[in-house]
Amino acid sequence: MSNELLTLNNRSLINGFCATFQPIPTLTVSEWAAKYRVLPKSGSSSPGPWRNERTPFLVEIMDTLSPSYPCREVVFAKGSQIGASEAGLNWIMYQIDVSPGPMLAVQPTNKAVERWSKQRVGPSLKQCDRIVNKVVWGDGNTIYQKEYIGGTLILTGANSPADLAAMPMANIYFDEVDRYPAEAGDEGDPIGLALRRMATFSRGKAFYSSTPTILGVSKVWILFLESDQRYYYVPCPECNEYQTIDFDRLSWPKGQPEKVGLICAHCGSLIFERSKTKMLANGYWQSHNPGHYRVGFHLSSLYSPVGWLSWTEIARTFEEISDNPDLQKVFTNTILGLPYEESGEQIAAEYLQRRRETYEADIPDGVFYLTLIVDVQQDWLAYEVQGWGIDEENWGIEYGVFKGDLSQLVSRNESNPSPWEQVDHLRKSVYRRKDGSEVRIAITLIDSGGLWTDEVYTFTKPRNKFRVYAIKGASKFDRPFLSKPTKNTKNKCWLYVLGVSQGKMTIQQRLKKESPGAGYCHFPDDEGRGYTAEYYADLTCEKLILKQEKRKIIKAWVKPDGANNEPFDIRVYGLAAIRILNPNWSRLAKRSQFIKRASTLNDSNITEVKPVKKQKTIPKRRSGIVLNE
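Owing to the predicted nature of the structure, the values given are computational and were not obtained by experimental measurement. Residue positions are given per chain, counted from 1 along the sequence in the order it is written. In keeping with the predicted nature of the model, local features appear solely for residues at pLDDT of at least 70, side-chain atom pairs appear and are counted solely at 80 or more, and the whole-chain, interface and lining totals rest on all residues. To obtain the side-chain values, all non-hydrogen atoms of the structure were included, while hydrogens and water were left out.

## Things to note about the overall build of the protein chain
Here's step 1: Across its full length, the protein chain carries 18 helices and 25 strands.
Here's step 2: Classification of residues uses two cut-offs on accessible area relative to the type maximum, computed with a 1.4 Å probe and protein chains only: under 20% is buried, over 50% is exposed, and between them is partly exposed. Burial analysis of the protein chain (629 residues in total) assigns 51% to the buried set.
Here's step 3: Taking as baseline every contact in the protein chain between residues at least 6 positions apart, the subset at least 24 positions apart corresponds to 71%.
Here's step 4: The Shrake-Rupley method, run with a 1.4 Å probe, gives the accessible areas here. Residue values count only the displayed protein chains as cover. Of the accessible surface of the protein chain, which amounts to about 30500 Å², a share of 50% is contributed by carbon and sulfur atoms. Every helix listed is a DSSP run of H or I at least four residues long, and every strand listed is a run of E at least two residues long, numbered separately from the N terminus. Any two residues whose heavy atoms approach within 4.5 Å at even a single point are treated as in contact.

Right under this line is the structure:
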């Protein structure tokens, strides 16, 4: 351990020991903010002196973070645009001035730390005359560390286990906790890892703030349910009875969101947003689970001050997203401040069969790239050739199975090629559009996660130069879908590890799309290409559910016993393949428009378009295998 780190650790221990015997400050966080906080122009829609009357609902939240309030943990489950991040910054700056000591602020990632530090933390510290001279502005001030008289503020991402466990901390601010990874490297839960650093500080506090995500796995919602559950009550301007502002009591004529109002839960009168400022000023927090050791607050964006996010904007947004599950989820999380309940629904196989279409050639005109995916089973290889167009619009071209002895890469009988040889022949095949132009397979991915890992590595290694790669699915649900490849394999072949759970969510949503365009999935009506009723049943057999595992609620993809899910897995791998290629879709779109215009001009005999130079003829493939190339 370096002398610098030892010094920092010793200083933190001394600060913690001394803090135990310091008098408790009488000034609260909200009082301090009203006196000294100035919002900077960068990152604030309302720069200037902080005014508690602008967001009165934040006063009690900030005051529970004051050293005089008897609690160790405060949780804030909330919607967007209500000032939660600024309340967290008020607490940080209060600590620097009134009760200095070591403090930790955790963002979801280090990239988020950089943005937050540059746009919010640094400018806020410089803007505050009360503490600007207490902050060290030389070598002790970096993006990830702010030193000040009596302490240090460490800013880190939840994906950095070393920073989460390095030294004792008096106070910890957990921002957007639902965006944290499930584990910080191999160290386990990042929140639990960081909380262990507060053990030596008897007056330390932890503040959790976030918009919720999925019901059952939302960290901030679980913390809120295990709290005293405070909700903000406001008076009706007509009957003066108190109530919460709930979305299901908003009312407006369809198509006229500008006429939205809140129906009073007591007298039934329609309350318009112009009354909100006075209602908020006279509101109060009420606990629904009194006596709990953890203090918890919930607030939706319906409480957003006048001039920020309006009820009209919320009503208009709701009308626009009413039939889109993805946008409904975002609305529930960011506007209502509630966790979204996954339905676990499956796509009906019959729905995909009904929308099949006729291809006039091997591949439709919209296809620019072809991918080949191979899923390795116990004694067969399932494969799909898929076409890709602008913004990942895609076409199923051919689906099938190669059966045989998978332990033999090369067959001893030339007339009976091994499954691996058939894959090799397939990847060299040529497909044609209606105009006769040819497209060949651009990339091949082969699943290596089964019984035949060594065979996959051996097959792909010499073909890496032809974009033939091994892949493996990762079991962690929140793993990024696509990350950098590795050569950490037995024979140093390229391997891509995929976050298949994230990929499956994308594919499931795309299969629901009803209109051609970005991400839409096309299927041929020619069952000879392999897209039979059985294929659609297997493609749609899985569903996403919540289940309990080792005392945790987790999300998991499940399929009925005996069902084959190879088509679903292959579709996920196909999405990875096109993203590995990473085409410039905007450039291709412009090229496509140019070709269409040129074709129109040529058909009208206005001008002549030069023909594309013909490439070397390769035997055409419609079905079966080309053995003599």
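## Digging into the pairing of strand S16 (residues 369-376)
Here's step 1: Among the 8 residues in S16, 7 count as buried, and that is most of the element.
Here's step 2: For two strands to be treated as a pair, DSSP must find at least two bridges joining them. Adjacent in sequence and paired antiparallel, S16 and strand S17 (residues 380-388) are bridged by 3 residues.
Here's step 3: In this sheet, strand S20 (residues 438-447) lies alongside S16 in parallel orientation, the contact comprising 5 bridges. Bridging from a neighbouring strand, Leu370 pairs with Ile441 of S20.

## Considerations on the sheet that holds strand S11 (residues 250-251)
Here's step 1: In space, the 3 strands of this open sheet follow the order S11-S12-S13, with antiparallel pairing throughout. Two strands bound the open sheet, and with one partner strand each, they are S11 and strand S13 (270-271).
Here's step 2: As paired strands, strand S12 (residues 261-263) and S13 are joined by 2 bridges and run antiparallel to one another. Its bridge partner lying in S13, Ile263 is registered against Leu270.

## Points about the pairing of strand S22 (residues 495-498)
Here's step 1: The two faces of S22 match: Leu495 and Val497 on one face and Tyr496 and Leu498 on the other face are all buried.
Here's step 2: Pairing analysis gives 4 bridges linking strand S21 (residues 468-473) to S22, with the strands arranged parallel. The residue bridging Gly473 from the neighbouring strand is Leu498, located in S22.

## With respect to the pattern of salt bridges
Here's step 1: Take a side-chain nitrogen of Lys or Arg and a carboxyl oxygen of Asp or Glu: if they are within 4 Å of each other, that pair is a salt bridge. For the coordinates displayed, the defined rule picks out 23 salt bridges.
Here's step 2: In this structure, the salt-bridge partner of Arg249 is Asp246, at a minimum N-O distance of 3.7 Å.
Here's step 3: Using a relative accessible area of 14% as the deciding quantity, one classes Arg249 as buried.
Here's step 4: A salt bridge links Glu392 to Arg510, with the shortest nitrogen-to-oxygen separation between them at 2.7 Å. Here Arg510 lies in helix H15 (residues 500-511) and Glu392 lies in the loop between S17 and strand S18 (394-403), a separation of 118 residues in the sequence.

## Topic: unusual backbone geometry
Here's step 1: Positioned with a positive phi, Glu176 is a non-glycine residue whose angle comes to about 50°.
Here's step 2: The residue Glu176 is located in the loop between strand S7 (171-175) and helix H7 (190-195) in this model.
Here's step 3: Classification of Glu176 by relative accessible area gives buried; the value is 18%.
Here's step 4: With a phi angle near 65°, Asn240 is a residue other than glycine that sits in the positive phi range.
Here's step 5: Assignment of secondary structure puts Asn240 in the loop between strand S9 (230-235) and strand S10 (242-243).

## A few points about the packing of aromatic side chains
Here's step 1: Within 6.5 Å between ring centres, the rings of Phe, Tyr and Trp (the latter by its six-membered ring) count as paired, and their orientation is classed by plane angle as stacked under 30 degrees, edge-to-face over 60, tilted in between. Summed over the entire model, instances satisfying the criterion amount to 28 aromatic pairs.
Here's step 2: Between Phe57 and Tyr232, the ring centres sit 6.2 Å apart and the planes meet at 80°, which makes this aromatic pair edge-to-face. Residue Phe57 is found in helix H3 (residues 57-64), and its partner Tyr232 is found in strand S9; the two are separated by 175 residues along the sequence.
Here's step 3: The exposure class assigned to Phe57 is buried, which follows from its relative accessible area of 0%.
Here's step 4: Connected via pairs of aromatic rings, a cluster forms that spans Phe57, Tyr232, Trp285, Phe297 and Tyr303.
Here's step 5: Seen from the ring of Tyr36, Arg130 lies directly overhead, with NZ or CZ sitting 4.7 Å from the centre. Geometrically, a lysine NZ or arginine CZ counts as sitting over a ring once it is within 6 Å of the ring centre and also within 35 degrees of the ring normal.

## Description of H15
Here's step 1: Between its terminal C-alpha atoms H15 stretches 16 Å, which fits the 16 Å expected from 12 residues at 1.5 Å a residue.
Here's step 2: In terms of burial, H15 is a largely internal element, 9 of the 12 residues being buried.
Here's step 3: Within the sequence span of H15, burial applies to Val500, Ser501, Gly503, Lys504, Met505, Ile507, Gln508, Arg510 and Leu511. Helix span, expected: 1.5 Å multiplied by one less than the number of residues in the helix.

## Digging into the nonpolar core
Here's step 1: Phe57 and Phe76 are the most contacted members of the largest nonpolar core, which has 63 residues in total.
Here's step 2: Element by element, the count of residues in this core is highest for helix H4 (residues 84-98), at 8 residues.
Here's step 3: Not counting residues within four places of it along the chain, the set of residues in contact with Phe76 comprises Leu58, Ile61, Ile82, Ala84, Phe207, Tyr208, Ser209, Ser210, Val220, Phe297 and Leu299. By nonpolar core is meant a set of buried Ala, Val, Leu, Ile, Met, Phe, Trp, Tyr and Cys residues that side-chain atoms within 4.5 Å join together.

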